[in-house]
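Analysis of the macromolecular model
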Amino acid sequence: MASTSKERTLTVRHFPVDENPTTNYLNATKGLKSWLTTVDHKRIGLMYLASVIFFFFIGGMLAIALRLELLTPAKTFIEADTYNKIFTLHGAVMVFLFIIPSIPAALGNMFLPMMVGAKDVAFPRLNLASFYIYIFGAAFTIYSIAVNGIDTGWTFYTPYSTKTGTAVIAMTFGVFIMGFSSILTGLNFIVTLHKLRSPGLTWGKMPLFNWALYATSVIQVLATPVLAITLALLIMERTLGIGIFDPALGGDPVLFQHFFWFYSHPAVYIMIVPAFGIISELIAVFSKKRLFGYWFIALSSMAIALLGFLVWGHHMFVSGQSTLSSVVFSFITFFVGIPTGIKIFNWLATMYKGSIDMKTPMWYAMIFLFQFTIGGLTGVMVGALSVDVHLHDTYYVVAHFHYVMMGGTVFAFLGGLHYWWPKITGKMYKEGPAKIAAFILFLGFNVTFLPQFILGSQGMPRRYYNYVEQFTTLHQFSTVGTWILLLGFLIVAVYMVQSLRSGTKASSNPWNARSLEWMSSSPPVSENFAYTPVVTHGPYDFHKPLAEFQLGLAESHGHGHHETETVKTSSTQEA
Amino acid sequence: MNFGNFFLPPQKSTIAGEVDQLFNFINLVSAVILLGIVVAIVFFIFKYKRKSENDTTSLVDHNTTLEVTWTAIPLFLIIYVFIWGFQDFMKMRTTPGDSYEIHVTGKSWFWEYTYANGGKVLNDLYVPAGKPIKLVMTSSDVLHSFYVPDYRIKQDVVPGRYTTVWFEVMEPGESVIFCTEYCGRSHSDMIGKVVALEQSEFDEWLRSSGGKPEDMPLAEWGEKLYTSSGCQACHSVDGSQIVGPSFKGSWESARQFEDGTSGVVDENYIRESIINPSAKIVKGYPPVMASYDGLFSDEDLSAIIEYIKSLK
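Residues numbered from 1 in each chain as written. Chains lettered and ligands numbered in written order. Predicted model: local features only at pLDDT ≥ 70, side-chain atom pairs only at ≥ 80, totals over all residues.

**Here we look at the domain arrangement of chain B**
Residue and element names in this part refer to chain B. For the record, the criterion: Start and end positions for the domains come from either an automated domain assignment or a database one. Throughout, a pair of residues is in contact if the C-beta atoms placed from their backbones lie within 7 Å. Segments assigned H or I by DSSP are reported as helices when at least four residues long, segments assigned E as strands when at least two residues long, and all are numbered from the N terminus. Polar here means any residue outside two lists: the nonpolar Ala, Val, Leu, Ile, Met, Phe, Trp, Tyr, Cys and Pro, and the charged Asp, Glu, Lys and Arg; Gly therefore counts as polar.
Under the domain assignment, chain B is made up of domain 1 (4-49 + 62-93), domain 2 (100-208) and domain 3 (218-310). Between the C-alpha centres of domain 2 and domain 3 the distance comes to 24 Å. Counting from both sides, the interface comprises 15 residues of domain 2 and, opposite them, nine residues of domain 3. Listed by contribution, the elements that provide at least two residues to the side of domain 2 that touches domain 3 are β2 (110-114) and β3 (120-122). The residue inventory of the side of domain 2 that touches domain 3, partitioned by class, reads four nonpolar, four polar and seven charged.

**Describing the interface of chain A and chain B**
Tallying the contact residues gives 73 residues for chain A and 68 residues for chain B. Top contributing element to the side of chain A that touches chain B by residue count: helix α10 (residues 323-351) of chain A, with 13 residues. When grouped by side-chain class, the residues that make up the side of chain A that touches chain B number 41 nonpolar, 23 polar and nine charged.

**Some thoughts on the sheet that holds strand β1 (residues 100-107) of chain B**
Residue and element names in this part refer to chain B. Quick note on the threshold: Following DSSP output, two strands are said to pair if at least two bridges run between them. Note on geometry: axes are C-alpha line fits, over the in-contact stretch for helices, and angles between N-to-C directions span 0 to 180 degrees.
Overall, mixed pairing links the five strands, which are arranged β3-β2-β1-β5-β8 in an open sheet. The open sheet is flanked by β3 and β8 (163-168), the only strands paired with a single partner. Between one strand axis and the next, the sheet turns through 25° on average, direction left out of account.

**Things to note about the sheet that holds strand β6 (residues 144-148) of chain B**
All names here are of chain B. The five strands lie next to each other as β4-β10-β9-β6-β7, forming an open sheet whose pairing is mixed. If you trace the sheet from one side to the other, it starts and ends with β4 (124-128) and β7 (153-157), each paired once. Across the sheet, the mean angle separating the axes of adjacent strands is 25° when strand polarity is ignored. Pairing of strand β9 (residues 173-179) with strand β10 (residues 192-197), which is carried by five bridges, proceeds in the antiparallel orientation. Paired with Gly173 across the two strands is Ala196, which belongs to β10. Across the sheet, helix α4 (residues 199-208) touches β4 and β10, and the angle it forms with β4 is around 130°.

**Examining the nonpolar core**
Generally speaking, soluble globular proteins have nonpolar side chains that are buried together. Worth spelling out the cut-off: One nonpolar core equals one set of buried Ala, Val, Leu, Ile, Met, Phe, Trp, Tyr and Cys residues connected by C-beta atoms within 7 Å. To sort residues by burial, count the other C-beta atoms lying within 10 Å of each one's C-beta; a count of 20 or more means buried, 12 or fewer means exposed, and anything in between means partly exposed. C-beta atoms are built from the backbone.
Ile279(A), Leu282(A), Tyr364(A), Ala365(A), Phe368(A) and Ile177(B) are the most contacted members of the largest nonpolar core, which has 252 residues in total. Counting residues per element, this core draws most heavily on helix α3 (residues 80-115) of chain A, at 23 residues. With sequence-adjacent residues up to four places away left out, Leu282(A) is seen in contact with Pro361(A), Met362(A), Ala365(A), Gly415(A) and Tyr419(A).

**Points about unusual backbone geometry**
Residue and element names in this part refer to chain A. Cis geometry is found at the peptide bond from Thr158 to Pro159, where omega equals -5°. Secondary-structure assignment places Pro159 in the loop between α4 (124-146) and α5 (160-163). Residue Ser522 is joined to Pro523 through a cis peptide bond whose omega torsion reads -10°. Tracing the chain through its elements places Pro523 in the loop between α15 (472-502) and β2 (551-553). One non-glycine residue, Phe156, adopts positive backbone phi at about 55°. Structurally, the position occupied by Phe156 is in the loop between α4 and α5.

Written as C-alpha cells, this is what we have:
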C-alpha cells in the first residue's frame, strides 16, 4: 500500500511544544453557547464523553438493580414486569447509548484528527450535527422509559415485540435516529483519514488507534443502514400491520432475526475493534517498543470488519434456520477467531524485551488481555455447533459477551481514558488510587461474570426473573461482584473529580509517547497545532529523538531566524 | 478428564456425553492457552520492568517463523473443533427413522403435548426411555424455546412453522424443561419436566392418557392439574397477584369486568374462563391467557372447579 507513494522534499523546522499557551480548547471561548455551537472536535468529543459516562452510569445502575433482584430465586424486591423492562433497558442503554459511541465518538473524536496532525475532522459541522442527532435519539429512548418502558429485550425479537403493550416504537425510533449519528461519525472519520493526514503520514505510519477507527467507521457506514431499515419495518409492522414478520399475515418472525443480526453482529466489532486500537497504543507506549506485526494488526482489523458481515447466523443455530446455514455460519465464525487471537500474540510479543512501565493505563491493558482472551476463547466454545445448542440463550452466553464487551471494551475504554486524561484535562490523576481502583474493578468484574459461565453450562437460561434453587449460590456470588464493581467505579469517580479540581498540571507528553496528539500542549490549543506537522518516523519509533516528531512545514516566506532543514517524505496525498 | 459434576448437568441423553467431550476439550485447550498468556504477561512485567527513561528496546517488529507458527496452530485447532462440533450437530439434526413422534405447542406460558392417540397433556412430557423421540413443535403465539439441559438439546419454536428436535433418554427418570426464548412476563415460570418411563409403564400411561386415577378425590386431582398445566404461572393460590387474579378466596366472589359488566365466580364462570378466557376479562388484568379448549375433559374441569372451591 505504502510502496505506491512518491517522494517529496519538504522544508521543515522543529516546533517545540509551547507548554503554557495563553488559551487552550477548554478556555478559548466561554459560556454555554460556545459549547453548544462549537465545531471543535475536542469539545464535541468531550460532550460525547460526558454523555456516554452519564449513560454508563444509568446502564450500570440498572445492572445493579437486576443483580439485586437475582439475589434470591423468587421475588426479591421488584415484580417480573419491572425486571423484564430493566434488563431490556440495561441492554439497550449500554449498547446503543454507551458502548457504540464510547470509544469512537468520544475518544476517537478527540484524538483521531490530532493523531494525523489535522486541525479538525473533515466536516466539523457534520460532526456537531452527529452529536445533536445522538442526543435527539437518546431523548426518545428516555421518553420510552418514561412512558411505560419496554420489555422485549434489547434484541426486539418479533413477534413478541409487535404484540407487547410497551413502548417499542419510541425506543426503536430512538435507536433508528442514533444510527444516523453513527453513520455520519463513521463517514467523517473515513474522509478525515483519507484527506487530512499530515505530509509524510503515510498509511504505514498511522497509529493503530486510527487504523482501528478506520475499520470501525467502515462497519458503521455499511451496517447501520440495515438496522435502520429493520427498525423501520418493525415500526411499520406495529403501526400498519404490513405482515413482513407476522406469520398470521404470511410473514416470517425468523426473518427479523436475520435482519437484526446482520447489523448487530458487525456492531459487535463496532464495539470491540476500537478497543483493539487503544490496547495497541497502550502496549507500545508503556513497553517503549515498536508494535510487533504492525501491518498484521492494522489489516486484521479491516479483515475482521469485512468477515464480520458474514457470520450473523451464528446467533441463530437453534432458531429454526436450515442446518446447512448453521454449518456455514459456524465455519466462517471460526475464521474471525484467528486474526483476533493473533493480535493477542502480537501484543505479547511487543512486550517481549520491552521497557515496561506499569502505569495505570498499562494495568488496564493487561487486564484487557486476560479478560478479552477469556471472552475470545469462550467465543470459540459457543461457535462450536453441538456445544452451542446446549449453551445458547443461557448465562454462558451472557458471561461470554460481557467478557468481550465489558471485560474487553470497557476496560480498554478505562485504559484509554487514563492514558489521554492528562491531554484532555491538562491534569494528572493520582497513580496510587487509580491502580487500587483498577484492581478492584478487575476483581469485581471476574466475581460477577465467572460464576455466570458455570451457571450457563449448568443450564441456567438468560432473561429469567425466577430461577430454580440449585443456582442460588452462584447467582449470589455474581450479585456480590456487582457491589465490588460499584466500589471500584466510585473510587475512579472520586479521584477523577479530585484530579479536575486540584490535580498537578500535566506536561504535553507525560508518557513519553511519539504519536502527534502528544506534540501539542495539555490541554491542546483550539487548532491543535500552530503549524502543519510533518511526519518522518513511525508512531512507535521510540529510539528516535522526540524533537524529530515535532517537525512542521517551515513557512515558505519565512523569517529566516529559525533553523530549517529538508526531509524526504513518501506521501500518498497532496498537502 | 470430566468436569461434568460441577460444570454440566447429568448426562441423560445419548448425545449428552459426546457434547460434553467437546466442551471439556475446548475448556482444556483454552485453559492451557490462557495460562500461557498469563504466565507471559506476569513474566514480562517483572523481567522487562522499565529501569530508566532512557531504556532502549529492540527494533525487531516481525519474525516470520514465529508468526506462521502462531497462525498455523490455532488454525489447526479451530478446524478440528469445527469438524467435531459439526459431526455431533449433524447427529442432533438427523432424526432416526424409527422415532416416536409427539407434537408440541408452546403457548404463553406452558407447553402442550399431543400424542398419536389424540391424548393431550401439559408441561410434563411423558416419553419411553431407550427409544428415539421426535418432537414436532410449533407455537401458538410468540417464540419459545424447548430446552432440556440434561439432554443438551434446545430448539426454538416458531409460530406459523414447524421445527423438530429429537433425543433418546438412556434411563427412566425426570429432567427439567426450560423455555429459553424470552416470551414475556412469566417466561421464567414456563417450566416443565420430561418424565422418562420404561416402555411398558409408558404404554400403560398412554392408555390412561393422564386421566384422574380412580381413587383420587376431585379437588386433589384439580390441584395436580393446577400445577402441571401451567395455571400456577399466572394464578396464585395464596392471594398474591401474579398475571391473573388469585384463586384464593375467589369462589363465589364478585367480579368486575373490563366491559363494565359484573358477575360471580361459579361453575359456569370458571368453565368459560378456562375454555374461552377472553370472553370476560377481569378489570385491571391483561387479556393474555391462551385458550385451554379441548385440553381438559369434563372430569378435569370439575376437578379444577372443586380445587378452586377448596381455596378459601
